[in-house]
Amino acid sequence: MTVQDPADLAIDEAAERLRDGQLSSVALTEAHLDRIARRDGDYHAFLHVDADAALIAAGAADKALQQGDDLGLLHGIPVGIKDIFDTAGMPTTYGSGLYCGHMPEADAEIVRRIRAGGGIILGKLETYEFAMVGPVFDRPFPPAANPWDASRFTGGSSSGSAAAVAGGLVRTTIGSDTGGSVRSPAAYCGVVGLKPTYGRISMQGAYPLSPSMDHVGLISASVREAAITFDAIADRQNERADASACSSLGQPLDGLRIGYARAWFANDQQLAPGVLSALDDAASQLSLLGAAIETVALPDVALFEAAGAVIIHAEAFKAHRRQLAASGSRYSAKVFQNILSGLCLTDNDLALARKAASVLRLQVDGTVFSRVDALLTASTLTTALPFADFTGEEARWTPMRTIAFNVTGHPALVVPCGFADGLPVGLQLVGRAGDEATLCRIGHCYEQATDISTVKPTRRCPTAGAAASTGMQQPGFGWFTPLSSAAGPT
Amino acid sequence: MVSDATLGGPTLDQVQAKAGLLHIEVTPERAGPILRGARHLRDAVEQLNRFIADQEPSAEPHR
């Protein structure tokens, strides 16, 4: 009889075993730490692992359960945190060499909630520098690698979050999403990514990129695990917080109307053919599951992208202006250049973009969500690109359909829906504000009806020589440089 | 590196002058991508101006 590795248990299965005494949180945490030790040398998903603190927290979680003190859905469950969130007692770099060795004194609100709910924080996950742009190769640590093919990027900026889940290091992670930073890595890595409604989860204690667009998000191994994580951390005081995501799981799709925004991405010249066929197949599958599918039109994608670009760059420049003056030479070159381009924008430009965002939100609500319960569209228009495609002097933006819903604030869920050339493709579901539950209902039903999410990456990791052959020969890439030996804090 | 003369947005001198006021150093090596990024952002602003003007036909474009 084969004994299942606890690190492969879904978090609801692990939670059940924790409560019936078949498994301890200490054993579960040890299994994940062992997995990280054995695999993360290839993925570089974690910037910092705090095994001692995790095991102490796991021991406390076990003791609490024995005493009948159940703190909730994540009690005793290991979680990874994107290194954009302050975490007391752990190094928090914001993905930048500027902050190597930085130790926050207080937790970000999302970290506080996870700890208060009994979650076990394993460590901090790689992020693009200040969650801005990547992958870049001029930091003291490498970008996370895609577990499906470690010579390819993960997407970002929640790069380590997606790599850790896809690589089997942890089942659920916290990320952030300002233009697709949870959803694109989820799609490229074949895992589930949820960007909740704007404001549903506090960003307090995260390094701000663009406060009008920043969202806490999560990346998990399945829709059920995403729903559990969401229910554990979502703001219960918010008036828009209606049905719990978990309560929607298992409900059939009969009677649901889903709008397929096919023309919104299908004519893009950058679209990979395999992505279109995977999305079309998903639309057919959802129809077979009982949903009524109709095509819908959305406003011009260029308008969403224009509004999003102006808001992000104007707000990011404001957030970084003083630090750019003091320490600009210590930013990654591409991040410096990207943020500094926002200096051409005025307060009037920002007000204009916010006004456009408001109009676009009203148009989506009026023309789409008055007719359908959810929207189906693409997330990324290609599969994960090789690192070698990012070695030029300028940042490269990959084609996606994600930023629109940072502009409008609608919740969006990415679910694996197939493969193209052996690499994952993810569909995107978008819902009414506050209705994450319907997205989880649809995503879970789809996931259960297909076997796509059961396919896991085989470990195909390049040697240092293979990494070098991609053109990335900067010191530190492919052989992790410990943060403790890098530049000190500013 | 792109010549600032080819761009419709701010010039290199303008970018360096504004950055200088904020005590941010823009080296020539970094200027090209910054200028191209700025040009794209100015194009985006113009696109949004047209969009808003279309929504409010009687209103003046937002400046």
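Residues numbered from 1 in each chain as written. Chains lettered and ligands numbered in written order. Predicted model: local features only at pLDDT ≥ 70, side-chain atom pairs only at ≥ 80, totals over all residues. Heavy atoms only, no water.

1. Some details on the overall build of chain B
Phase 1: Secondary structure assignment for chain B yields two helices and zero strands.
Phase 2: Taking contacts inside chain B between residues at least 6 apart in sequence as the whole, the part at least 24 apart equals 55%.
Phase 3: Approximately 3600 Å² of chain B is accessible, and the part contributed by carbon and sulfur atoms is 52%. (Helix = DSSP H or I, 4+ residues; strand = E, 2+ residues; numbered from the N terminus. Contact = heavy atoms within 4.5 Å. Areas by Shrake-Rupley, 256 points an atom, 1.4 Å probe, with all protein chains shown as cover.)

2. Looking at the pattern of salt bridges
Phase 1: The full count for this structure, using the stated rule, is 25 salt bridges over all chains.
Phase 2: The salt bridge involving D268 of chain A is made with R401 of chain A; its shortest N-O contact spans 2.8 Å. Taken together, the residues D268 of chain A in the loop between α9 (263-266) and α10 (273-288) and R401 of chain A in the loop between β9 (374-378) and α14 (404-408) connect sequence positions 133 residues apart.
Phase 3: Of the charged contacts, one joins R36 of chain B and E394 of chain A as a salt bridge, the two residues approaching to 2.3 Å between their closest N and O atoms. With R36 of chain B in helix α2 (residues 28-55) and E394 of chain A in the loop between β9 and α14, the pair connects residues from two separate chains.
Phase 4: A relative accessible area of 15% places R36 of chain B in the buried class.
Phase 5: Accessibility expressed as a relative area gives 28% for E394 of chain A, which makes it partly exposed. (Salt bridge = Lys/Arg side-chain N within 4 Å of Asp/Glu carboxyl O. Buried < 20%, exposed > 50% of the residue type's maximum accessible area, 1.4 Å probe, protein only.)

3. Notes on the interface of chain A and chain B
Phase 1: Contacts between the two partners involve 36 residues from chain A and, on the opposite side, 29 residues from chain B.
Phase 2: Overall, the association of chain A and chain B removes approximately 2800 Å² of surface from exposure, summing both partners, and the carbon and sulfur fraction of that is 70%.
Phase 3: Among the residues of chain A in contact with chain B, Q337, L343 and L352 of chain A are the three that bury the most area, contributing 22% of the side total.
Phase 4: Where chain A meets chain B, there are six residue pairs in polar contact (both at pLDDT 80 or more).
Phase 5: Of all the secondary structure elements, the ones that give two or more residues to the side of chain A that touches chain B are α11 (301-327), α12 (333-340) and α13 (347-367) of chain A. (Buried area = accessible area lost by both parts, 1.4 Å probe. Polar contact = N/O pair within 3.5 Å; in protein donor to acceptor, adjacent residues only side chain to side chain.)

4. Topic: the packing of aromatic side chains
Residues and elements named next belong to chain A.
Phase 1: Within the structure shown, the criterion is met by 13 aromatic pairs over all chains.
Phase 2: Their ring planes at 70° and their centres at 6.1 Å tell us that Y99 and Y207 sit as a pair that is edge-to-face. You can see Y99 sitting in the loop between β2 (78-82) and α4 (109-116) and its partner Y207 sitting in the loop between β5 (192-195) and β6 (215-220), a full 108 residues away along the chain. Accessibility classification places Y99 together with Y207 in one group, the buried group.
Phase 3: Between W148 and F419, the aromatic rings sit 5.3 Å apart at their centres with planes inclined by 55°, giving tilted as the arrangement. You can see W148 sitting in the loop between β3 (120-125) and α5 (159-166) and its partner F419 sitting in strand β10 (residues 412-420), a full 271 residues away along the chain.
Phase 4: Residue W148 is classed as buried on the basis of its relative accessible area of 6%.
Phase 5: Given a relative accessible area of 33%, F419 falls into the partly exposed group.
Phase 6: Taken together through their ring pairs, the aromatic side chains of Y94, Y99, F130, Y207 and Y331 make up a single cluster.
Phase 7: In this structure, R401 is placed above the aromatic ring of W264, and the distance from its NZ or CZ to the ring centre is 5.9 Å. (Phe/Tyr/Trp six-rings, centres within 6.5 Å; stacked < 30°, edge-to-face > 60°. Lys NZ or Arg CZ within 6 Å of the ring centre and 35° of its normal.)

5. Let's talk about the nonpolar core
Residue and element names in this part refer to chain A.
Phase 1: Ranked by size, the top nonpolar core spans 136 residues in total, and within it F85, I110, I174 and L279 carry the most contacts.
Phase 2: Of all the elements, α11 adds the most residues to this core, at 12 residues.
Phase 3: Membership of the second largest hydrophobic core comes to 16 residues, among which are A54, A58, L122 and V170. (Core = buried A, V, L, I, M, F, W, Y, C linked by side-chain atoms within 4.5 Å.)

6. Some points on the pairing of β2 of chain A
Two faces, one strand: in a regular strand the side chains alternate between the faces of the sheet.
Residues and elements named next belong to chain A.
Phase 1: Along β2, five of the five residues are buried, which leaves the element largely enclosed by surrounding structure.
Phase 2: Both faces of β2 are covered, namely the face carrying P78, G80 and K82 and the face carrying V79 and I81.
Phase 3: Two elements, β2 and β3, share five bridges in a ladder whose sense is parallel. Bridge assignment links K82 to a residue of β3, and that residue is L125.
Phase 4: Viewed along the sheet, the connection from β2 through α4 into β3 turns out right-handed.
Phase 5: Note: β2 against strand β4 (residues 172-177), two bridges, orientation parallel. (Pairing = 2+ DSSP bridges. Right-handed = clockwise from strand over helix to strand, strands pointing away.)

7. What to know about the sheet that holds β10 of chain A
Residue and element names in this part refer to chain A.
Phase 1: Spatially, 11 strands are ordered β1-β3-β2-β4-β6-β5-β10-β11-β9-β7-β8 in an open sheet, and the strand pairing comes out mixed. Taken across any chain shown, the strands that pair with only one partner, and hence form the sheet edges, are β1 (46-49) and β8 (292-295). Averaged over all pairs of adjacent strands, the angle between their axes in this sheet comes to 30°, without regard to strand direction.
Phase 2: Here six bridges tie β4 to β6, and the two strands are oriented antiparallel to one another. Paired with I174 across the strands is L218, a residue of β6. (Axes fitted to C-alpha atoms, helices over the stretch in contact; angles between N-to-C directions.)

8. Some words on the packing of helix α2 (residues 25-43) of chain A against helix α3 (residues 51-66) of chain A
Residues and elements named next belong to chain A.
Phase 1: In contact at an axis separation of 8 Å, α2 and α3 are set at 155° when each is read in the N-to-C sense. In terms of their interaxial angle, α2 and α3 are classed as roughly antiparallel. By crossing handedness, the relation of α2 to α3 is classed as right-handed. Packed against α2, whose contacting residues are S25, V26, T29, E30 and L33, the element α3 presents A51, A54, L55, A58, G59, A61 and D62 at the interface.
Phase 2: Split by residue class, the contact of α2 with α3 holds seven nonpolar, three polar and two charged. (Parallel < 35°, antiparallel > 145°, perpendicular 65-115°, else oblique. Left-handed = near helix turned anticlockwise from the far one by under 90°. Nonpolar A, V, L, I, M, F, W, Y, C, P; charged D, E, K, R; others polar.)

9. A look at the state of the cysteines
Phase 1: Enumeration according to the criterion identifies zero disulfides over all chains in this entry.
Phase 2: In this structure C445 of chain A is a free cysteine whose sulfur lies 13 Å from that of C440 of chain A, the closest cysteine sulfur available. (Disulfide = S-S within 2.5 Å.)

10. Details of the side chain of R113 of chain A
Residues and elements named next belong to chain A.
Phase 1: Relative to the helices and strands, R113 is located in helix α4.
Phase 2: The buried category is assigned to R113, whose relative accessible area is 18%.
Phase 3: Excluding anything up to four places from it in sequence, R113 contacts I233, A234 and D235.

11. Some thoughts on the confidence of the model for chain A
Phase 1: Of all residues in chain A, 91% attain a pLDDT of 70 or more, and the chain-wide mean is 91.
Phase 2: Note that pLDDT drops below 50 for residues 460-490 of chain A; the model gives that stretch 52 contacts with residues more than four away or on any other chain. (pLDDT = per-residue confidence, 0-100.)

12. Observations concerning the environment of P399 of chain A
Residues and elements named next belong to chain A.
Phase 1: Mapped onto the fold, P399 is located in the loop between β9 and α14.
Phase 2: Judged by relative accessible area, which is 12%, P399 ranks as buried.
Phase 3: For the pair formed by P399 and L65, sequence separation is 334 residues and the distance between their alpha carbons is 47 Å.

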